[in-house]
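# Observations on the three-dimensional arrangement
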Amino acid sequence: MTEKKEERVRDRVRYICCAAGVVLTCLVTGCGKTEENLDIAMQKIQELDYQGALEDLAKAQEAGENVRLVNRARGIAHMGLTEYEEAITDFQAALAGSSGLVENVDFDLNYYLAAAYTKNGQYGQAEDTYNAILDLRPGEADAYFLRGNVRMSLENFEGAKEDFDKVLAMEPKNYDRLIQIYEVLEHFGYREVGQGYLQNALASGGGQMDAYVSGRIYYYLGEYQKAYLALEEAKEKGGEKSYLYLGRAYEATGDYNYASSVYNSYLSKYDGSAEIYNQLGLCELAKGEYQKALEAFQAGMQLENSGMMQTLSFNEIITYEYLGDFERAKALMDYYVKNYPDDGQARREYDFLVTR
């Protein structure tokens, strides 16, 4: 595969990255006890049937079920439909139904409201919402992290850095969060600042840092040889993520053959992993082995509750395109854009397929 073609493949397929996306802190399944129609609606939300959920929520309202949770669920459904103005109205209505005593559901609703504001491009209102959360719960690391994301969108780097510093002071050993912060900073063009955080973590961890943690940090620092050594040690313990990052480190150097062998080694020893299958598929795409890539993505899709269905589905569609099966790709994309209407990249890909 030529270098130009390889770059095109890697630009179009879907990678897994926390980056600057908003992280919702409550599960879609709801907060507290619900009633029959509301339960059905929440199940439909989990199945991405947002329009069906709204119909059941209308029945829940007619039946006199918990109005705050009905409005909350409506907001989640409208967010799924990318109808952010409606979602904002729903979450505000749910908040307005408060008894006056601040409950856990009020914080949950404010997180959702802030997410809706963010999705709608109303970053100032999102920041105000996180401010309100932190006024009452100054120990909420999630709120500091998310406010830092919003402040980056508002081009307030200094304010965002204050928030990220606060998070790291509160959670000095939370290396997952450290990497999320790095990814946010990289996304907004502050890669060197993010790498400074990573280097500080290595320096402070000393010889006490786990090989998996140090391997990941070396990976994000671009020090791939050090990453190999640490992650090879870590994978002996059988950790899925160790294999994942070890393979990615080899991919970063262009050694897709060895990266594929790392992923296949994991799959031969342990239960299937959707992330491993996805990364294996990406390797096979980069090598031009499109049928093998398709098999990897589809194997990952067979695993239940992986949280990877959107990514795998998108990559399956792209692979059918590379195989020249545009009819199949378009049929799958029709279904995909209905389930994931907020995916701008998929919309552009859909427009491409319509012209074939």
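Residues numbered from 1 in each chain as written. Predicted model: local features only at pLDDT ≥ 70, side-chain atom pairs only at ≥ 80, totals over all residues. Heavy atoms only, no water.

### Regarding the overall build of the protein chain
- Per the secondary structure count, the protein chain includes 20 helices and zero strands.
- For the protein chain, buried positions account for 50% of its 356 residues.
- When contacts within the protein chain are restricted to residue pairs at least 6 apart in sequence, those whose partners lie at least 24 apart make up 54%.
- Accessible area of the protein chain: about 17,200 Å², with a carbon and sulfur share of 46%. (Helix = DSSP H or I, 4+ residues; strand = E, 2+ residues; numbered from the N terminus. Buried < 20%, exposed > 50% of the residue type's maximum accessible area, 1.4 Å probe, protein only. Contact = heavy atoms within 4.5 Å. Areas by Shrake-Rupley, 256 points an atom, 1.4 Å probe, with all protein chains shown as cover.)

### What to know about helix H10 (residues 175–187)
- When the terminal C-alpha atoms of H10 are compared, their 18 Å separation across 13 residues agrees well with the 18 Å that a helix rising 1.5 Å per residue should span.
- Among the 13 residues in H10, ten count as buried, and that is most of the element.
- Burial in H10 covers these residues: Tyr175, Arg177, Leu178, Ile179, Gln180, Ile181, Tyr182, Glu183, Val184 and Leu185.
- Contacts from the buried residues of H10 go to helix H8 (141–153), helix H9 (157–170), helix H11 (191–205) and helix H12 (211–221).
- Structurally, the start of H10 carries an N-cap: the backbone nitrogen of aspartate 176 is 3.4 Å from a side-chain oxygen of asparagine 174. (Expected span 1.5 Å × (residues − 1). Polar contact = N/O pair within 3.5 Å; in protein donor to acceptor, adjacent residues only side chain to side chain.)

### Considerations on the confidence of the model for the protein chain
- Averaged over every residue, the pLDDT of the protein chain is 88; the share at 70 or more is 87%.
- Residue range residues 1–10 is modelled with pLDDT below 50. Its contacts to residues more than four positions away, or to other chains, number 16 contacts.
- Contacts from residues 14–34, a stretch scored under 50 in pLDDT, to residues over four places away or in other chains number 61 contacts. (pLDDT = per-residue confidence, 0-100.)

### Some thoughts on the packing of aromatic side chains
- Counted according to the given criterion, the structure contains 18 aromatic pairs.
- Between phenylalanine 157 and tyrosine 190, the aromatic rings sit 4.2 Å apart at their centres with planes inclined by 5 degrees, giving stacked as the arrangement. Here the residue phenylalanine 157 occupies a position in helix H9, and tyrosine 190 occupies one in the loop between H10 and H11, the gap between them amounting to 33 residues.
- The exposure class of tyrosine 190 is partly exposed, given its relative accessible area of 31%.
- What links up through ring pairs into an aromatic cluster is the set Tyr182, Tyr212, Tyr219, Tyr220, Tyr224 and Tyr245.
- Note that arginine 137 overlies the ring of phenylalanine 107, its terminal NZ or CZ placed 3.7 Å from the centroid. (Phe/Tyr/Trp six-rings, centres within 6.5 Å; stacked < 30°, edge-to-face > 60°. Lys NZ or Arg CZ within 6 Å of the ring centre and 35° of its normal.)

### Considering the packing of H8 against H9
- It is at 8 Å that the axes of H8 and H9 come closest, and there the two elements cross at 160 degrees. In terms of axis orientation, H8 runs roughly antiparallel to H9. The crossing of H8 and H9 is left-handed. Together, Ala141, Tyr144, Phe145, Arg147, Gly148, Asn149, Arg151 and Met152 of H8 and Phe157, Gly159, Ala160, Asp163, Phe164, Lys166, Val167 and Met170 of H9 make up the contact between the two elements.
- By residue class, the composition of the contact of H8 with H9 is nine nonpolar, three polar and four charged. (Axes fitted to C-alpha atoms, helices over the stretch in contact; angles between N-to-C directions. Parallel < 35°, antiparallel > 145°, perpendicular 65-115°, else oblique. Left-handed = near helix turned anticlockwise from the far one by under 90°. Nonpolar A, V, L, I, M, F, W, Y, C, P; charged D, E, K, R; others polar.)

### Observations concerning the environment of asparagine 156
- By the secondary structure assignment, asparagine 156 is in the loop between H8 and H9.
- We classify asparagine 156 as partly exposed; its relative accessible area is 29%.
- Within polar-contact distance, the side chain of asparagine 156 engages the backbone nitrogen of glycine 159 at 2.9 Å.

### Re the packing of H12 against helix H13 (residues 224–235)
- Axis separation between H12 and H13 bottoms out at 8 Å; the angle between their running directions is 155 degrees. One way to sum up the angle between H12 and H13 is to call them roughly antiparallel. Once H12 is placed against H13, the crossing between them reads as left-handed. Between H12 and H13, the residues in contact are Ala211, Tyr212, Ser214, Gly215, Arg216, Tyr218 and Tyr219 and Tyr224, Lys226, Ala227, Ala230, Leu231, Glu233 and Ala234, respectively.

### Topic: the nonpolar core
- With 89 residues, the main nonpolar core has Phe91, Phe164 and Ile217 as its most contacted residues.
- If one sorts the elements of this core by residue count, helix H6 (residues 104–119) sits on top with ten residues.
- With residues up to four places along the chain from it excluded, the contact list for phenylalanine 164 reads Phe145, Gly148, Asn149, Met152, Ile181, Val184, Leu185 and Tyr197.
- Leu282, Ala293, Tyr322 and Tyr340 belong to the second-largest nonpolar core, a separate cluster that totals 21 residues. (Core = buried A, V, L, I, M, F, W, Y, C linked by side-chain atoms within 4.5 Å.)

### Some remarks on the pattern of salt bridges
- By the definition in use, this model includes 20 salt bridges.
- For arginine 177, the salt bridge goes to glutamate 171, with nearest N and O atoms at 3.2 Å.
- With a shortest N-O distance of 3.7 Å, glutamate 186 and arginine 191 are connected by a salt bridge.
- By sharing partners, the salt bridges in this structure join Glu127, Arg147, Arg151 and Asp163 into a single network. (Salt bridge = Lys/Arg side-chain N within 4 Å of Asp/Glu carboxyl O.)

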